[in-house]
Amino acid sequence: MSTETRSTSRRALLVKVGLFLNGIVGVALAVPIVRYLLSPLAREKNPGYQSWLSLGQLAQFPAGQTRLATYRNPIVNPGDGQTANIACWVRNVDDRTFQVFAINCAHLGCPVRWFPQSNLFMCPCHGGAYYQDGSRASGPPERGLFQYQHKIEAGNLFIQAGELPTPGQPVAIKLGGKSPCACEPPCA
Amino acid sequence: MRLIEKIVAWFDLRLQLGAPIGDIAKHQVPRSSASWFYVFGSAALTVFILQIVTGILLALIYVPSAGEAWDSLQILNHNVALGWFIRALHGWGSNFMVAIVLIHMVQVFLFGAYKFPRELTWIVGVLLLLVTLGMAFTGQILRFDQDAYWGLGIGASIVSRVPLIGPWAVRLMLGGPIIAGVTLSRFFALHVFVIPGVLIAFVGVHLLMVLKLGVNEWPMPGRIVRRATYLQEYRELTHKDGVPFVPDAIWKDIVFAAFVLLSIALCAVYFGPFGPSGQPDPTIIQTAPSPDYFFLWLYALLSYLPPSAETPILLIGPAIAIVVLLGLPFFAGEGEKSWKRRPIAVLVILLLAVGLGALTHLGTYTPWSPVMNAWSSLPIPSAYLRGRTALERRGALVFQAKQCHNCHPR
Ligand code: FES
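It should be emphasised that the depicted structure is a prediction, and the values quoted were computed from it without experimental measurement.

Cut-offs applied
- Residues numbered from 1 in each chain as written.
- Chains lettered and ligands numbered in written order.
- Predicted model: local features only at pLDDT ≥ 70, side-chain atom pairs only at ≥ 80, totals over all residues.
- Heavy atoms only, no water.
- Helix = DSSP H or I, 4+ residues; strand = E, 2+ residues; numbered from the N terminus.
- Buried < 20%, exposed > 50% of the residue type's maximum accessible area, 1.4 Å probe, protein only.
- Contact = heavy atoms within 4.5 Å.
- Areas by Shrake-Rupley, 256 points an atom, 1.4 Å probe, with all protein chains shown as cover.
- Lys, Arg positive; Asp, Glu negative; His and termini not counted.
- Charge placed at Lys NZ, Arg CZ, Asp CG, Glu CD.
- Pairing = 2+ DSSP bridges.
- Axes fitted to C-alpha atoms, helices over the stretch in contact; angles between N-to-C directions.
- Parallel < 35°, antiparallel > 145°, perpendicular 65-115°, else oblique.
- Nonpolar A, V, L, I, M, F, W, Y, C, P; charged D, E, K, R; others polar.
- Domains from an automatic or database assignment.
- Buried area = accessible area lost by both parts, 1.4 Å probe.
- Salt bridge = Lys/Arg side-chain N within 4 Å of Asp/Glu carboxyl O.
- Polar contact = N/O pair within 3.5 Å; in protein donor to acceptor, adjacent residues only side chain to side chain.
- Patch = residues over 30% accessible without salt bridge, like charges linked within 9 Å, V, L, I, M, F, W, Y side chains within 5 Å.
- Core = buried A, V, L, I, M, F, W, Y, C linked by side-chain atoms within 4.5 Å.

S.K.: Help me understand the overall build of chain B in this model?
M.R.: Secondary structure summary: chain B contains 16 helices and four strands in total. Its C-alpha atoms put chain B at 90 × 55 × 45 Å along the principal axes. Taken over 410 residues, chain B has a buried fraction of 43%. Contacts in chain B between residues far apart in sequence, at least 24 positions, make up 82% of those at least 6 positions apart. Total accessible area on chain B is roughly 21,400 Å²; 73% of this is exposed by carbon and sulfur atoms. Considering chain B, the positive charge centre built from 29 side chains and the negative charge centre built from 20 side chains are found 6 Å apart.

S.K.: Looking at this model, I keep getting lost on the sheet that holds strand β1 (residues 51-57) of chain A. Mind explaining?
M.R.: The pairing of strands in a sheet comes from backbone hydrogen bonds and takes either a parallel or an antiparallel form. All names here are of chain A. Pairing is antiparallel across the open sheet formed by three strands, whose spatial order is β1-β10-β9. Edge strands, defined here as strands with exactly one partner in the open sheet, are β1 and β9 (149-153). Pairs of neighbouring strands in the sheet enclose a mean axial angle of 30°, with direction left out of account. Relative to strand β10 (residues 156-161), β9 runs antiparallel, the two sharing five bridges. When the sheet's bridge partners are listed, Lys151 is paired in β10 with Phe158.

S.K.: What's the story with the sheet that holds strand β4 (residues 98-102) of chain A in this structure? I'm lost.
M.R.: Residues and elements named next belong to chain A. Pairing in this open sheet of three strands is antiparallel, and the strands run β2-β3-β4 from one edge to the other. Both edges of this open sheet fall to β2 (66-72) and β4, since each of them pairs with a single strand only. Across the sheet, the mean angle separating the axes of adjacent strands is 35° when strand polarity is ignored. Strand direction decides the pairing type here: β2 and strand β3 (residues 85-92), joined by seven bridges, are antiparallel.

S.K.: So what exactly am I meant to see when it comes to the packing of helix α8 (residues 166-174) of chain B against helix α9 (residues 181-213) of chain B here?
M.R.: Residue and element names in this part refer to chain B. Orientation of α8 relative to α9, taken along the N-to-C sense of each, is 80°, at an axis distance of 7 Å. For the element pair α8 / α9, the angle class is roughly perpendicular. Contact residues: Leu172, Met173 and Leu174 in α8; Val182, Thr183, Arg186 and Phe187 in α9. Class assignment for the residues of the contact of α8 with α9 results in five nonpolar, one polar and one charged.

S.K.: Explain the domain arrangement of chain A to me, please; I cannot follow it from the model alone.
M.R.: A common way to report how large an interface is uses the accessible area buried once the components associate. Taken as a whole, chain A is organised into domain 1 (1-45) and domain 2 (52-174). Computed from C-alpha atoms alone, the centre-to-centre distance between domain 1 of chain A and domain 2 of chain A is 51 Å.

S.K.: Even after reading the chapter, I still don't get the side chain of Thr121 of chain B, so can you show me in this structure?
M.R.: Assignment of secondary structure puts Thr121 of chain B in helix α6 (residues 119-142). Filtering out sequence-adjacent residues up to four positions away, Thr121 of chain B remains in contact with His206, Met209, Val210 and Leu213 of chain B.

S.K.: Please clarify how the interface of chain B and chain A should be interpreted in this entry.
M.R.: Taken together, the 55 residues of chain B in the interface contact 53 residues of chain A. Summing both sides of the interface, chain B and chain A together bury roughly 4,400 Å²; the carbon and sulfur share of this comes to 63%. Linking chain B with chain A are two salt bridges. The partner of Glu142 of chain A in a salt bridge is Arg161 of chain B, and the shortest N-O contact between them spans 4.0 Å. Summed over the shared surface of chain B and chain A, the number is 13 residue pairs in polar contact (both at pLDDT 80 or more). Mapped by element, the contributors of at least two residues to the side of chain B that touches chain A are α7 (146-160), α8, α9, α12 (296-304) and α13 (307-331) of chain B. In terms of residues, the side of chain B that touches chain A owes the most to one element, α7 of chain B, which gives eight residues. Considered class by class, the residues forming the side of chain B that touches chain A number 30 nonpolar, 19 polar and six charged.

S.K.: Where do I start with a nonpolar patch on the surface in this structure?
M.R.: All names here are of chain A. Nonpolar side chains collect at one region of the surface, where Val25, Leu29, Ile33, Val34, Tyr36, Leu37 and Leu38 lie side by side and expose about 710 Å² of accessible area between them. As for its position among the elements, Val25 is in helix α1 (residues 3-37). On the basis of relative accessibility, which here comes to 47%, the residue Val25 falls in the partly exposed class.

S.K.: Explain the pairing of β4 of chain A here, please?
M.R.: Put simply, side chains in a regular strand alternate between the two faces of the sheet. All names here are of chain A. Taking burial as the measure, the five residues of β4 include five buried ones, the bulk of the element. What you see with β4 is no split at all: Phe98, Val100 and Ala102 on one side and Gln99 and Phe101 on the other are buried throughout. For β3 and β4, the ladder comprises five bridges, and the chain directions are antiparallel. From the neighbouring strand, Arg91 faces β4, where its bridge partner is Gln99. In textbook terms, the turn of a hairpin is the stretch between consecutive antiparallel strands, and for β3 and β4 this stretch comprises five residues, one of which, Asp95, has a positive phi near 70°.

S.K.: Hey, could you run me through the nonpolar core in this one?
M.R.: General note: in soluble globular proteins, nonpolar side chains tend to be found buried as a group. Formed by 67 residues in total, the largest nonpolar core has its most connected members in Leu55, Tyr71 and Ile159 of chain A. With seven residues, the single largest contributor to this core is α7 of chain B. When sequence neighbours within four positions are dropped, the list of residues in contact with Ile159 of chain A reads Ser51, Trp52, Leu53, Leu55, Tyr71, Cys88, Val100, Tyr148, Gln149 and His150 of chain A. Counting residues in each nonpolar core, the second largest holds 42 residues, with Val39, Met135, Ile195 and Ala268 of chain B among its members.

This is how it looks when you write it as structure tokens:
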């Protein structure tokens, strides 16, 4: 073997060593980068996905009526502005039974509106409609409105909220998957 | 004059770009391709450059924060000199870009330009279409108004329906549990860094292949593409009946580019910027969100799909469409190029155009949506009441008082 080929093969080896070192460094850098990117998935580390918060005094929700309530999301970042204010519908059936519906249509999340005369929730987007108990009346939604779990403490109505309800979510499926009439509070 | 030549020579000695640029300019293209039908690719590139320039200009004022984005758009519209014009240029530029990319694609499809050896050019082109639509969607989000907010909700709801990974995908998309500041930040990063980077890379590859493989010749009925002979035939064609790209072909590109830019500017001046509509406050529910023009067909489709078929169609449909588009050059890589001998190709285009056109048209007046602000006690026309029984009139009263007008307008 001539000196030249020997030295090229040595250099070729050094190139491989260099690439190998870069591979190790690359992995060492990739792990934190990927973890950073996936951080929204680490639910346990982000408390407040589902926490109890007050919608205010019961007196605001007269019996037999459905009223709009708003709350501030439990997790708020400085840049969130108004987006952290969330609305929901509170239905006081008979002062003992309550239902709290998400504002988001169970079809694709548009804000449903309550029409007291016709006793219907209607969605402005694709024409979804729901009965007063939140069950599906017509249109593209596959199911009734999402419902928040709620409790009454010291004359205040509390709901468990903190995450945007979407049709595919396990939480959402748990909440109000069946006709809400069928279950007495606490709806679990 | 001598001075300029000297300066040019000084630079060229160092950059060595003169010769390759000269080659590109002088390379022979089939005489038939120096046609007005071949100007859409370069027009798309021109609009893309306009989008980069106006995008950077907007970034000078825009604040990508959920709490302030809407206000910064108002400032652009009202307080910054000609801010409204730059916004309008960018908005109209995006509409033109999607339109031109689609026209370009239809032309390439009907002229059989995706066949051997330009399969990869087509595939990169399909990716460019997807990336362009990605720009259109993320751009619509950056106009952080009510439509953008609820549009994100719709996007999240669609993503959540993906089996198994849906809920995780939603959280990755939103960056947190709800639509908020982080959501806007990640869409800003996508719209301003990630997607444009990909777009520039793909455009580079796309252009490179157009130059290396030569532009598609005008398809002649009966001139069949065969893998074994095509390259040779194309070479002969450009030798025998070729013209230099500059100036024989490029002048049409240049003229059309100017026409497109002028049209965008005229639209911007005449129609003004898009929105922003109401503030992105989720507690303001008096809103009827609707997407921008190029997604209206989807909006209509979502209203008409039967509930049980919706999720599969929504998730599988786009995947099939993309696979078909990407696979097209592989199952139709040879054969007839001319649309005159490809009736099915023409039919497919017509069908798609009519279908998308009809859905878009429906999307502009949403016959499926309740009229949310219908005046519920609007009187029933007296013509319906004349000669009715008391019971029937009572029914009319119910109709009038129960907000039935919302869904059953006259
Ligand atoms: S989002 Fe309500 S019907 Fe589609």
